[in-house]
Protein chains: 2
Amino acid sequence: MLQISKRGDAMPASPIRKLVPYAEAAKKKGKTVYHLNIGQPDIETPKQMRDAIHKADFTILEYTHSAGLESYRKKLANYYNSVGINVDYNEIIITTGGSEAILFGFMACLDPGDEVIIPEPFYANYNGFAIAAGVHVVPVTSHIDNGFALPPIEEFEKKITNKTKAIVICNPNNPTGYNYSEKEMLALKEIVVKHNLYLFSDEAYREFVYDGKQFSAMYLKGIENNVVLMDTISKRYSACGARIGAFVTKNKQLLNTAMKFAQMRLCSPYLEQIAGEAAIDLPADYFDITKAEYLSRRNLLVKRLNAMKDVFCPNPGGAFYAMAKLPIDDCDIFCQWLLEHFEYNNETVMLAPATGFYGTKGLGTKEVRLAYVLNCDAINKAMDCLEKALQVYPGKTN
Amino acid sequence: MLQISKRGDAMPASPIRKLVPYAEAAKKKGKTVYHLNIGQPDIETPKQMRDAIHKADFTILEYTHSAGLESYRKKLANYYNSVGINVDYNEIIITTGGSEAILFGFMACLDPGDEVIIPEPFYANYNGFAIAAGVHVVPVTSHIDNGFALPPIEEFEKKITNKTKAIVICNPNNPTGYNYSEKEMLALKEIVVKHNLYLFSDEAYREFVYDGKQFSAMYLKGIENNVVLMDTISKRYSACGARIGAFVTKNKQLLNTAMKFAQMRLCSPYLEQIAGEAAIDLPADYFDITKAEYLSRRNLLVKRLNAMKDVFCPNPGGAFYAMAKLPIDDCDIFCQWLLEHFEYNNETVMLAPATGFYGTKGLGTKEVRLAYVLNCDAINKAMDCLEKALQVYPGKTN
């Protein structure tokens, strides 16, 4: 019998995308579905980026350098320097999405059977990359009660074995929106030094911090060889379909190794590198405007959620996600029910069940992730739906 | 000590790209370098594709479906049907380059320690994907004397173990240009059936066949579940930097598994999918014109090579590569010498040493691959250089 691979079997289907058929069925019935389930912003991709594509001057869509267009890397280095990250353009490999930066990190640093510690809940696709690389994800649980702050460093210590090679953080965090403080980052540094680990820092949402500042892992002194910055333009410039990211490290040996993986797939898409390059020239107030928009959405969403009976939503400091605890039996059943059986004014809301973000089975069953990627009017209507739904849901608790 | 992974260490640097610094140094000295080393055609990307990009109507560069834009998949299915490959659009996953289609195949079908048989010389990056997936490449040697025809099926038989899970072919072949006949494909079918193997068929160069016809692995009856077509628009439409390929199979279980890997990296780049879609609407004579151009280049190149003393170049039936046996001690030394120490009228030529295409150490040391991706005038000048070089090369034999 022809068989698929064990790793193919173990690979999880996207926990966010598995509800899509129910959403499609609801829409076919004429229901409006508010998509708070996925990190696809409704913010326009900046006109300057679109113009760069529309005016791109080429006759042959050629391979670029495997590390990316040199002109783009130089500009991107300028951007990093402008936010206090001291890197040279030749310490950057342009990747096909932040996804590929994660894959390169796992492939270049970890061998099958090695372990990587990740605070949970975490971005579900880390599981996929880990399985592709044969690596075990060891979760350390963060908690909704304190807004998903970094777990005490002793909790990390407990998980360390001789197979532990790296820690992954996402800062500010997807799915929790938590923004790790300088103090927390220094605590991470300590354990990284003590056990000589890699620190992979996914900073896709760097520019969206509403309270305090973002503290990059690249700011940490003395562990320059341990840190890999994994980045993407997807969220920063609302260009998710561009598939342009970056793998950034000052560790020369690691960079050379990652380059071999980059050469294997030849290069990243040409046109979107042009768009990425154009993004660096956006006016200085670009993020101010976008951030102000996300901030008003966050404030509205969190206020609406906490006003609902028995709902708790800690105020997220960054990104564009919030996690909420609901008075329900099971978030997977609830999210499906919202699409299949509920409507209010012929509308409903699509949420991401939190279970998909936890590595530990059984956690997150009463939590959902909400992405505030829709405007305030849509958020209000979506919250109306959720409020009504919680009143009539057959599996409600409390 | 922080260490890179064993697989990162094992990952080969690109054998083609390793000579790049020598080419750069030659150019800095003012030398013209004719690039016959890499499969980057000088043919223009069709205007219809460029127009599609320049006129792309979007305000948000959004994620596409993980399997690719439905409209593109439908058109691509039409293209396949037009060349006798009977597939439905939902049997296609759009990938980020043909590269990713190969990676998905290895990841979804093979586990670490499994073996894949590939006729050598073969596309060097198969090694990279195999190492990324923890898979062992087992080469079966094809020979320049018979133009790199498919090795006798008994040679495959000898290599089969209980770890063998798949055979990879590239048809027409990179680097040899050999076009596998129906008879050879039927021989492959037999062994695939007998040992229940996957047959991965890389058909990047399908449209460039000069003698006879291309025989797709998808034409083979009765092994539909075994066959995966790995495809790309890079060469077909001279759009290497687009990074758009396809993973095509009628095996539902495998397709579902590959989809989980596709979801992991979210989607392929949006704009180049638009370009790929536009390519399907090219006029019917598009390939005739391109093929005629490649054919005249091939004829010139092969004629010039075989006219040189002690040089042998079998006439390749497809793709845009030729392999030649030269009267030299070592192709790696020779190719570097061409860039570092040789010039004729202040010009030189860059070739790909064949050693990088063989899995068996010690093979191919007197062979080079030439990509006829430059026009006839440039090919003539490049051949002038090679002819002179072979007269004065210190390591010449015969």
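Placed above this text is the structure.
Bear in mind that the values here come from a model prediction, so they are computed numbers and not experimental data. (Residues numbered from 1 in each chain as written. Chains lettered and ligands numbered in written order. Predicted model: local features only at pLDDT ≥ 70, side-chain atom pairs only at ≥ 80, totals over all residues. Heavy atoms only, no water.)

Engineer: Outline the nonpolar core, supporting the account with residue identities and numerical values.
Structural biologist: Judged by nonpolar contacts, the single largest core of 231 residues is most densely connected at Phe334(A) and Phe334(B). The residues touching Phe334(B), leaving out its near neighbours within four places in the chain, are Leu326(B), Ile328(B), Leu351(B), Leu386(B), Ala389(B), Leu390(B) and Tyr393(B). In this structure, Ile4(A), Phe129(A), Ala262(A) and Cys267(B) belong to the second largest nonpolar core, which totals 86 residues. (Core = buried A, V, L, I, M, F, W, Y, C linked by side-chain atoms within 4.5 Å. Buried < 20%, exposed > 50% of the residue type's maximum accessible area, 1.4 Å probe, protein only. Contact = heavy atoms within 4.5 Å.)

Engineer: So what's going on with the environment of Asp377(A)? Residues and values would help.
Structural biologist: Tracing the chain through its elements places Asp377(A) in helix α13 (residues 376-392). Separated by 145 residues in sequence, Asp377(A) and Thr232(A) have C-alpha atoms that sit 29 Å apart. (Helix = DSSP H or I, 4+ residues; strand = E, 2+ residues; numbered from the N terminus.)

Engineer: Requested: an account of the sheet that holds strand β12 (residues 367-371) of chain A, with residues and values cited.
Structural biologist: Residues and elements named next belong to chain A. Here three strands make up an open sheet; going across it, the order is β9-β12-β11 and the pairing antiparallel. Where the open sheet ends on each side, the last strands, each with one partner, are β9 (321-325) and β11 (352-353). As defined by bridge partners, β11 adjoins β12 across two bridges and the pair is classed as antiparallel. Bridged to proline 353 within β12 is valine 368. (Pairing = 2+ DSSP bridges.)

Engineer: Let's hear about helix α4 (residues 70-82) of chain B: which residues, and what values?
Structural biologist: Residue and element names in this part refer to chain B. Compared with the 18 Å implied by 1.5 Å per residue over 13 residues, the 18 Å span of α4 between its first and last C-alpha is a close match. Buried within α4 we find Tyr72, Arg73, Leu76, Ala77, Tyr79 and Tyr80. Along the axis of α4, the buried positions cluster into a sector of 160 degrees, meaning they face one direction only. Every exposed residue of α4 that faces more than 90 degrees away from the buried side is listed here: Asn78 and Ser82. (Expected span 1.5 Å × (residues − 1). Arc of directions from axis to C-beta.)

Engineer: Kindly report on the environment of Asp332(B), identifying the contributing residues and their values.
Structural biologist: All names here are of chain B. Assignment of secondary structure puts aspartate 332 in helix α12 (residues 331-340). Separated by 24 residues in sequence, aspartate 332 and glycine 356 have C-alpha atoms that sit 9.1 Å apart. Residues within four places of aspartate 332 in sequence aside, it is in contact with Lys18, Pro353 and Thr355. At 2.6 Å, the side chain of aspartate 332 and the side chain of threonine 355 are in polar contact. (Polar contact = N/O pair within 3.5 Å; in protein donor to acceptor, adjacent residues only side chain to side chain.)

Engineer: Please give an account of the environment of Arg17(B) that cites residues and values.
Structural biologist: Following the sequence through the fold, Arg17(B) ends up in the loop between α1 (6-10) and α2 (20-28). A relative accessible area of 17% places Arg17(B) in the buried class. Residues within four places of Arg17(B) in sequence aside, it is in contact with Tyr63(A), Thr64(A), His65(A), Ser66(A), Gln263(A), Leu266(A) and Ile38(B).

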